[in-house]
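Inside the fold
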Amino acid sequence: MQFRRPRAEDGAAMWRLVKEMGGLELNSAYFYVLFAKDFADTGVVAESEDGRLAGFIAGHRPPERPDAVFVWQVGVAPWMRRQGLARRMLDALLAAQPAEVRWLEATVSPDNAASMQLFRSSARDRGVDCQESEYLGAELFPNSHEAENLFRIGPLDTESKNQS
């Protein structure tokens, strides 16, 4: 498995992966192309030896919290599930972040046990805190979207960003 920064050419495959896997909110194909082009430094793709997209992480650096990388979406191909790919992608993402990034953030809906486990175990294995708090209430969304709780992991240093 090769981990690398996304490129604009990966956007269509990212969109198809989300559509195929279900469970994640499917955004427009334009979003994935734009993300891969303009936010590559806060994302990662996992590519199999035969060149297939096995997974990706889409993230950004919140302007009001430049010391954080916010993981917005984690997608893993159905044929790669239960092989630790999400964790390896997260490790690759953190290892590539500049020194000023001290926090990993993500929001998780209360019914997403797999994501909660991913972020809690990442904090535990790095020996840092995982703070969980209410963040985006369900009333903010125009549809039947669940609330999203904030997971804030850190503070990270060079050593904890490079642990796996």
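Here, the structure is the one placed above.
Residues numbered from 1 in each chain as written. Predicted model: local features only at pLDDT ≥ 70, side-chain atom pairs only at ≥ 80, totals over all residues. Heavy atoms only, no water.

A word on the environment of E47. Positionally, E47 belongs in strand β2 (residues 44-47). Relative accessible area serves as the criterion here: at 18%, E47 is assigned to the buried category. For the pair formed by E47 and M1, sequence separation is 46 residues and the distance between their alpha carbons is 5.7 Å. Those residues in contact with E47 that lie beyond four places of it in its chain are M1, Q2, R4 and R52. (Helix = DSSP H or I, 4+ residues; strand = E, 2+ residues; numbered from the N terminus. Buried < 20%, exposed > 50% of the residue type's maximum accessible area, 1.4 Å probe, protein only. Contact = heavy atoms within 4.5 Å.)

Below, the discussion takes up the side chain of E148. Examined against the element boundaries, E148 turns out to sit in strand β7 (residues 148-154). Buried within the structure, E148 lacks any salt-bridge partner; R65 is the closest side chain of opposite charge, at an N-O distance of 12 Å. A distance of 3.1 Å separates polar atoms of two side chains, one belonging to E148 and the other to T107. Setting aside its immediate chain neighbours within four residues, E148 contacts T107, V108, S109, E134, Y135, L136 and F141. (Lys, Arg positive; Asp, Glu negative; His and termini not counted. Salt bridge = Lys/Arg side-chain N within 4 Å of Asp/Glu carboxyl O. Polar contact = N/O pair within 3.5 Å; in protein donor to acceptor, adjacent residues only side chain to side chain.)

Below, the discussion takes up the nonpolar core. Membership of the largest hydrophobic core comes to 26 residues, with the highest contact counts inside it found for I57, V71, L85, M89, L90, L104 and F119. Elements with a minimum of two residues in this core: β2, β3 (53-60), β4 (68-76), α3 (85-95), β5 (103-108), α4 (113-126) and β7. Per element, the largest residue contribution to this core is 6 residues, and it comes from α3. Contacts of M89, omitting those with residues within four sequence positions, involve F3, V44, A46, G55, F56, I57, V74, G75 and V76. Grouped together as the second largest cluster of nonpolar side chains are 12 residues, V18, Y32, L53 and F56 included. (Core = buried A, V, L, I, M, F, W, Y, C linked by side-chain atoms within 4.5 Å.)

Once that is clear, we can look at helix α2 (residues 29-38). Within the sequence span of α2, burial applies to Y32, F35 and A36. The buried residues of α2 occupy an angular sector of 95° when projected down its axis, which confines them to one face. Across from the buried face of α2, at angles greater than 90 degrees, the exposed residues are Y30 and K37. Here the buried face of α2 lies against α1 (11-21), β3 and β4. (Arc of directions from axis to C-beta.)

This paragraph deals with the pattern of salt bridges. Per the counting criterion, the structure on display carries 13 salt bridges. Residue E47 is joined to R4 by a salt bridge in which the shortest nitrogen-to-oxygen separation is 3.0 Å. Of this pair, E47 sits in strand β2 while R4 sits in strand β1 (residues 2-4), and the two are 43 residues apart along the sequence. Ionic pairing is found between R7 and E9, a salt bridge with its closest N-O pair at 3.8 Å. A relative accessible area of 41% means that R7 is categorised as partly exposed.

Geometric values such as these leave the question of function open.
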